[in-house]
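# An overview of the molecular structure
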Amino acid sequence: MTDTSKTPPSKLAELERNVEAHSGVLKKELGLFDLVLTQIVFVVGTIWVGWAAKLGDHQMMFWLLAILTFYLPLAAVVIYLNRLMPLEGGVYQWAKLAFNDFVAFMVAWNLWIFGILVMSGIGLIIKKNIAYAVGPRAAWMHGNKLITTLICTLLMILMIAASRRGLTLGKWVQNLGGAFLLVTFATLILLPFITAGRGTLANYHPFSTAVPEFSTYNINVFSKLAVGALSGFEYIAILAGECRAPARNISRSVMISAPIIALMFILGTASVLAFVSPDKVDLIGPIPQVLSLGFSSFGWVSVLVSFTIFGVAARQIALMSIYFAGNTRLPMVAGWDNLLPAWFARLHKRYRTPVNSILFVGIVTLAFSLASLIGVEEQEAFQLQDNAATTFYALIYMVLFAIPLVALKRFGVSAPLWLKVAAVSGFVVSVVAGYFTLIPITRVDNPLGFALKIIVVVVAANAIGVALYRLRKPFAKTV
């Protein structure tokens, strides 16, 4: 194992070649079209229009603020670093080459835990979508934990089976999910106009430019829109070794998808507010909630809405496929560097997928998804999962944005001023988001207990990560 903390710039190219040699056996399945749809599926979370709706008619101004201070800086930094280092493992490799093995391992560890937490909440979202699609007859499903358990278990079994086949199958799941997502958002965005004859258009104010008040609550929601909603461009770079022309196509996919994503969020949030007041928004399933309300009086048309809501569920499955792919590759690349046992890096003889890592990630994700439901209501469980995930993501972004500021000189290049300004902005927003994860935006029974649970999870998880890193020498001996 090579410690990159003392590696001169002249040898960094050799380290990059070693990574490329490992990833050379992987199948290059993802082209530009696949990457654009994957970016849209990954970034456009269906829950975020609900969170933004909590801001009322000020939503567009806060979306624009989040875009300027975080979304565009993130896109700029990811495009720059991906062109410099288009390597399987993405941000893990960037941190390793920019800093050292320890920083890289902890970045990958936090990103891995983040992915586990996000995936553990997807089963709950899918259950909500199904309940809304079926209609009033399925009202009993909303708070039923047994149904949640069954859906989470079935979903994980299917995810493990599909992931063994690799991105040959996974990219079609993601592309189909992307297509469904675009149709669903188109329906959501057009809904106020479709129902205008019933007077709902009076509540439609997508481009309100009223100057918002900057309260603790608004900043809290803003931080979640930035680091929660407008994030993820770097995640796709984890799969660079499985992309065709990754230096060019990943960057182009960011530039193509960015404006589409921004419009989907702003116009989608406006449609939510046209039908639901901010205090009544269902944070787990805002889009199914709005579609079921908007088309409730349209008779047979409501059947079509049910299919649209099932499309939201399809997007969640596609999203989970992306997370699952990334989360199984992180242990694999750590195994390449002897930071984890070589067991994690073993590939399927035919499909060239990390089968052991896939099984391990599947079991851990299922355990997290079921454990989060113990002792709390589903809305609070979902907030705990989501806020804890945002904390891990904020820590990752602090390292990512630090690379242009303090580490690019190790590559023999100097970051341009515009990139440094973007990195500073992204870093500050990441710190703010990390702080506000401790404060829920909806009522919980015990706010102090809510914050303590997140602190314990984050501290304990990172303590385990440090312990695993200290065990890396025995791993190296097994190779």
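Residues numbered from 1 in each chain as written. Predicted model: local features only at pLDDT ≥ 70, side-chain atom pairs only at ≥ 80, totals over all residues. Heavy atoms only, no water.

## A word on the overall build of the protein chain
- Each helix and strand in the protein chain was counted, giving 18 helices and zero strands.
- Residues classed as buried in the protein chain amount to 62% of the 479 residues present.
- Expressed as a percentage of contacts within the protein chain between residues at least 6 apart in sequence, the contacts between residues at least 24 apart total 85%.
- Carbon and sulfur atoms form 69% of the exposed surface of the protein chain, whose accessible area is close to 18400 Å². (Helix = DSSP H or I, 4+ residues; strand = E, 2+ residues; numbered from the N terminus. Buried < 20%, exposed > 50% of the residue type's maximum accessible area, 1.4 Å probe, protein only. Contact = heavy atoms within 4.5 Å. Areas by Shrake-Rupley, 256 points an atom, 1.4 Å probe, with all protein chains shown as cover.)

## Focus on the pattern of salt bridges
- A complete count under the given rule lists one salt bridge for this structure.
- Between D337 and K96 there is a salt bridge, with its nearest N and O atoms 3.0 Å apart. Linking D337 in the loop between α13 (301-336) and α14 (355-371) with K96 in helix α5 (residues 91-98), this pair joins segments that are 241 residues apart in sequence. Across the pair, K96 and D337 agree in class, each one buried. (Salt bridge = Lys/Arg side-chain N within 4 Å of Asp/Glu carboxyl O.)

## What to know about the nonpolar core
- The biggest cluster of nonpolar side chains holds 158 residues, and the ones touching the most others in it are W63, W94, L111, F233, F265, Y393 and L400.
- The biggest single contributor to this core is helix α6 (residues 101-134), with 21 residues.
- Once you skip the residues sitting within four places of it in the chain, L111 turns out to touch V91, Y235, I238, N327, L330, Y393 and I396. (Core = buried A, V, L, I, M, F, W, Y, C linked by side-chain atoms within 4.5 Å.)

## Quick look at the environment of I40
- Examined against the element boundaries, I40 turns out to sit in helix α2 (residues 32-43).
- Residues I40 and I260, 220 residues apart in the sequence, show an inter-C-alpha distance of 8.1 Å.
- The contact partners of I40, leaving out residues within four places of it in the chain, are L181, L182, S257, I260, I261 and M264.

## Things to note about the packing of α2 against helix α11 (residues 246-275)
- Look at α2 against α11: their axes get within 8 Å of each other, and the N-to-C directions meet at 40 degrees. In terms of their interaxial angle, α2 and α11 are classed as oblique. By crossing handedness, the relation of α2 to α11 is classed as right-handed. In this structure, α2 contributes L32, L35, V36, Q39, I40 and V43 to the contact, and α11 contributes N249, I250, R252, S253, V254, I256, S257, I260, I261, M264 and F265.
- The class makeup of the residues in the contact of α2 with α11 is twelve nonpolar, four polar and one charged. (Axes fitted to C-alpha atoms, helices over the stretch in contact; angles between N-to-C directions. Parallel < 35°, antiparallel > 145°, perpendicular 65-115°, else oblique. Left-handed = near helix turned anticlockwise from the far one by under 90°. Nonpolar A, V, L, I, M, F, W, Y, C, P; charged D, E, K, R; others polar.)

## Overview of α6
- Between its first and last C-alpha, α6 extends 50 Å over 34 residues, near the 50 Å set by a 1.5 Å rise per residue.
- At the N-terminal boundary of α6, the capping side chain belongs to N100, with an oxygen 3.1 Å from the backbone nitrogen of F102.
- Trailing α6 by a residue or two, G135 shows a phi angle of about 105 degrees, which is positive. (Expected span 1.5 Å × (residues − 1). Polar contact = N/O pair within 3.5 Å; in protein donor to acceptor, adjacent residues only side chain to side chain.)

## Regarding a nonpolar patch on the surface
- On the surface, a cluster of nonpolar side chains totalling about 450 Å² of accessible area is made up of L405, V406, V424, F427, V428 and V431.
- For the nonpolar patch, the secondary structure elements donating two or more residues are α15 (378-407) and α16 (417-436).
- When residues of the nonpolar patch are assigned to their parent elements, the largest contribution, four residues, is made by α16.
- With respect to the helices, strands and loops of the structure, V424 is situated in helix α16. (Patch = residues over 30% accessible without salt bridge, like charges linked within 9 Å, V, L, I, M, F, W, Y side chains within 5 Å.)

## Notes on the packing of aromatic side chains
- The tally for this structure, following the rule as stated, stands at 18 aromatic pairs.
- Ring plane angle 50 degrees and centroid distance 4.6 Å describe the contact between F42 and Y323, whose orientation is recorded as tilted. Within this pair, whereas F42 is found in helix α2, its partner Y323 is found in helix α13, the two being separated by 281 residues in sequence. You'll find F42 and Y323 in the same group, each marked buried.
- With 5.1 Å between their ring centres and 70 degrees between their planes, F102 and Y469 make a pair best called edge-to-face. Residue F102 is found in helix α6, and its partner Y469 is found in helix α17 (residues 447-470); the two are separated by 367 residues along the sequence.
- Following the ring pairs from residue to residue traces out a cluster consisting of F42, F70, F114, Y323, Y393, Y397 and F401. (Phe/Tyr/Trp six-rings, centres within 6.5 Å; stacked < 30°, edge-to-face > 60°.)

## Concerning unusual backbone geometry
- The backbone phi angle of A245 is positive, close to 50 degrees, even though this residue is not glycine.
- Turning to its location among the elements, A245 is positioned in the loop between α10 (233-236) and α11.
- According to the relative accessible area criterion, A245 is partly exposed, its value standing at 33%.
- With phi around 60 degrees, R352 is a residue other than glycine that occupies positive phi space.
- Among the secondary structure elements, R352 is positioned in the loop between α13 and α14.

## Description of the packing of helix α8 (residues 167-194) against helix α12 (residues 286-294)
- Here α8 crosses α12 at 50 degrees, and the two axes come no closer than 11 Å. Judged on the interaxial angle alone, α12 and α8 are oblique. Crossing handedness for the pair α8 and α12: left-handed. Counting all contacts with α8, which are made through T184, F185, T187, L188 and L191, the residues of α12 involved are I287, V290, L291 and G294.
- Within the contact of α8 with α12, the residues separate by chemical class into six nonpolar, three polar and no charged.

## Some points on the side chain of H348
- Looking at the secondary structure, you find H348 in the loop between α13 and α14.
- Ignoring sequence-local partners within four residues, the contact set of H348 consists of R164, T353 and V355.

## Notes on helix α9 (residues 216-229)
- An ideal rise of 1.5 Å per residue puts 20 Å on 14 residues; α9 measures up with 19 Å between its terminal C-alpha atoms.
- All buried positions along α9 are accounted for by N218, N220, V221, F222, S223, K224, L225, A226, V227, G228 and A229.

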